[in-house]
Amino acid sequence: MNIAEYSGVWVFIEVKDGKIVPVSLELLGAGKRLAEKRGVELSGILVGYGVKPLANTAFEYGADAVYVYDDPIFKLYRTETYMRAIIECTNRHKPEIILYGATSTGKDLASAAATDLATGLTADTTILDIDADTGLLQASRPAFGGNIMATILCKKHRPQMATVRPKIMKAMNPIPGRKGEIIEEKISIREEDVRTKVLEIVKSATKQVRIDEADIIVAGGKGLGDAKGFGLIHDFAETIGATVGASRDAVEAGWIEHHHQVGQTGVTVTPKIYFAIGISGAIQHLVGMQNSGLIIAINKDPDAPIFNSCHYGIVGDAFEIVPMLIEQFKRV
Ligand code: FAD
């Protein structure tokens, strides 16, 4: 590989329900700063069906150009088709950096594309910079349960890739009417070549904000005892307009669906306020929520590890404390 052929910073622009997801706008801001340091252009890569007009939003948020794959084959996200678009576009235009949001789609797509492109990927990045001496992307992320920051460089392969946690980077203030270049791309595969078919999408009945976008999360764990006890978490969340989160043990007990799971094998969240109720504070849970603005723990065991990682701790029985909180908040 001749890495000198690779130039430019790209952002994968994720679309959900016809709109660019917030983390992609944040990444255009972060990508712009990296592109300026490298003295190169910032481009978006936009994949979907009926998505071309969204390129204008990307320009307003800092993209100089957008590669657009607009085709019915991309109507619903499938790793196989989206990955093909990333790979074909990368091989054709050779960007030096590609950033993805660390959403379910971004994580799935980036890891699949990195494998096929035989390049490095730093997952769940929280700091991005350019090394002044080498010009390499410095992607930093918490490691060893948040005890150190690991800065990862991809020296010998291109593109350098990273998934970036939502709500960490700052989007630019949009410049209405800002223009850029739309580069329309064609994909080489046809529907009959695709092995995966999406038969149905079952939307969650909840009206709550998505857990990775929520400002307030009320999370419950095994300490709630059973599915009925976990109902207290739903009641409290509803009272204060929060989204429900859960530990893996609560999910595995079948009290709540997996997409509410916070932690290493669940979602990484950064709300302004995180309530951890009946959650012991295992490291695998902490890595998913320790960057929350304010952590409030309720646990009846004064020695529970969660008390080492929270801003406020209430030692007590959740079934006594939470109903009192609900009552107080209902009065406000
Ligand atoms: P427990 O550890 O059983 O804690 C329950 C807590 O509730 C206790 O502290 C107890 O004192 C308290 N309690 C009991 N009754 C009450 C009451 N009435 N009022 C108040 N407090 C009460 N876990 C995750 O959460 N997310 C992950 O993504 C994740 N990924 C993992 C990946 C791997 C590879 C492995 C090995 C584990 C992973 N785990 C994950 C599991 C993790 O190690 C813990 O087992 C899990 O987080 C514990 O869940 P918990 O805190 O709900 O339960």
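Predicted model, so just to flag it, every value in this text is computed and none were measured.

With 7 of its 7 residues buried, strand β4 (residues 42-48) lies for the most part within the structure. Residues Leu-42, Gly-44, Leu-46 and Gly-48 of β4 are buried on one face, and the alternating residues Ser-43, Ile-45 and Val-47, pointing to the opposite face, are buried as well. In terms of strand pairing, strand β1 (residues 9-13) meets β4 through 5 bridges, oriented parallel. The partner of Ile-13 across the bridge, within β4, is Leu-46.

Here the focus is the pattern of salt bridges. For the coordinates displayed, the defined rule picks out 19 salt bridges. Arg-92 is the partner of Glu-185 in a salt bridge, and the nearest nitrogen-oxygen pair spans 2.2 Å. In this pair, Glu-185 is assigned in the loop between β12 (181-184) and β13 (216-220) and Arg-92 in helix α3 (residues 79-93), connecting sequence segments 93 residues apart. For Glu-185, a relative accessible area of 7% corresponds to the buried category. A salt bridge links Glu-213 to Arg-210; the shortest N-O distance between them is 3.8 Å. One network of salt bridges, with partners in common, ties together Lys-32, Asp-64 and Arg-178.

Further remarks concern the site of the ligand. Inspection of the region around the ligand gives 25 residues, with Lys-222, Ser-247, Thr-265, Ser-280 and Gln-284 positioned closest. One nitrogen or oxygen atom from the side chain of Ser-280 is found 2.7 Å from an oxygen atom belonging to the ligand. Compared with its free state, where it exposes 990 Å², the ligand has 76% of that area covered by protein. Broken down by secondary-structure element, the contributors of at least two residues to the shell around the ligand are α6 (248-252), α7 (283-289) and α8 (318-331). Here the residues of the shell around the ligand sort into 5 nonpolar, 14 polar and 6 charged.

All right, on to the nonpolar core then. Core analysis: the largest hydrophobic core is formed by 32 residues, its most contacted members being Leu-27, Leu-28, Leu-34, Leu-46, Val-66, Leu-99 and Leu-128. Here Val-66 is in contact with Gly-44, Leu-46, Ala-55, Ala-58, Phe-59, Glu-181, Ile-182 and Ile-183, once residues within four sequence places are set aside. Of all hydrophobic cores here, the second largest spans 27 residues; its members include Ile-45, Tyr-69, Cys-89 and Ala-112.

At a closest axis distance of 10 Å, the pairing of helix α5 (residues 227-240) and α8 adopts a crossing angle of 20°. The orientation of α5 with respect to α8, classified from their angle, is roughly parallel. At the point where α5 passes α8, the crossing takes the left-handed sense. Side by side, α5 and α8 meet where Gly-229, Leu-232, Asp-235, Phe-236, Thr-239 and Ile-240 of the first sit next to Ala-318, Phe-319, Val-322, Pro-323, Leu-325, Ile-326, Phe-329 and Lys-330 of the second.

Bringing the packing of aromatic side chains into the picture now. Scanning the model with the defined rule gives 8 aromatic pairs in all. Seen from their ring centres, Tyr-69 and Phe-74 are 6.1 Å apart, and the 85° between their planes marks the pair as edge-to-face. No difference in accessibility class separates Tyr-69 from Phe-74, as the two residues are buried. A centroid spacing of 5.0 Å and a plane angle of 70° characterise the contact between Phe-236 and Phe-275, whose relative ring orientation is edge-to-face. You can see Phe-236 sitting in helix α5 and its partner Phe-275 sitting in strand β15 (residues 273-277), a full 39 residues away along the chain.

With 17 residues, helix α1 (residues 22-38) should reach 24 Å at 1.5 Å per residue; the first-to-last C-alpha distance of 25 Å fits that figure. Across the 17 residues that make up α1, a large majority, 12, are buried. Regarding α1, the residues found buried are Val-23, Ser-24, Leu-25, Glu-26, Leu-27, Leu-28, Gly-29, Ala-30, Gly-31, Lys-32, Leu-34 and Ala-35. Gly-39 sits one or two residues past α1 and shows a positive phi near 70°.

A cis amide bond, omega -5°, links Arg-158 with the succeeding residue Pro-159. Relative to the helices and strands, Pro-159 resides in the loop between β10 (148-152) and β11 (160-164). Look at Asp-17: it is not a glycine, yet its phi comes out positive at around 50°. Following the sequence through the fold, Asp-17 ends up in the loop between β2 (15-16) and β3 (19-20). A relative accessible area of 64% means that Asp-17 is categorised as exposed.

Attention shifts here to the environment of Ile-279. Topologically, Ile-279 is positioned in the loop between β15 and α7. Under the relative-accessibility criterion, Ile-279 is labelled buried at 3%. Those residues within four positions of Ile-279 in sequence are excluded, and the remaining contacts are Ala-219, Gly-220, Gly-221, Ser-247, His-285, Asn-299 and Ile-306.

Rules of the game
- Residues numbered from 1 in each chain as written.
- Predicted model: local features only at pLDDT ≥ 70, side-chain atom pairs only at ≥ 80, totals over all residues.
- Heavy atoms only, no water.
- Buried < 20%, exposed > 50% of the residue type's maximum accessible area, 1.4 Å probe, protein only.
- Helix = DSSP H or I, 4+ residues; strand = E, 2+ residues; numbered from the N terminus.
- Pairing = 2+ DSSP bridges.
- Salt bridge = Lys/Arg side-chain N within 4 Å of Asp/Glu carboxyl O.
- Near = heavy atom within 4 Å.
- Polar contact = N/O pair within 3.5 Å; in protein donor to acceptor, adjacent residues only side chain to side chain.
- Areas by Shrake-Rupley, 256 points an atom, 1.4 Å probe, with all protein chains shown as cover.
- Nonpolar A, V, L, I, M, F, W, Y, C, P; charged D, E, K, R; others polar.
- Core = buried A, V, L, I, M, F, W, Y, C linked by side-chain atoms within 4.5 Å.
- Contact = heavy atoms within 4.5 Å.
- Axes fitted to C-alpha atoms, helices over the stretch in contact; angles between N-to-C directions.
- Parallel < 35°, antiparallel > 145°, perpendicular 65-115°, else oblique.
- Left-handed = near helix turned anticlockwise from the far one by under 90°.
- Phe/Tyr/Trp six-rings, centres within 6.5 Å; stacked < 30°, edge-to-face > 60°.
- Expected span 1.5 Å × (residues − 1).

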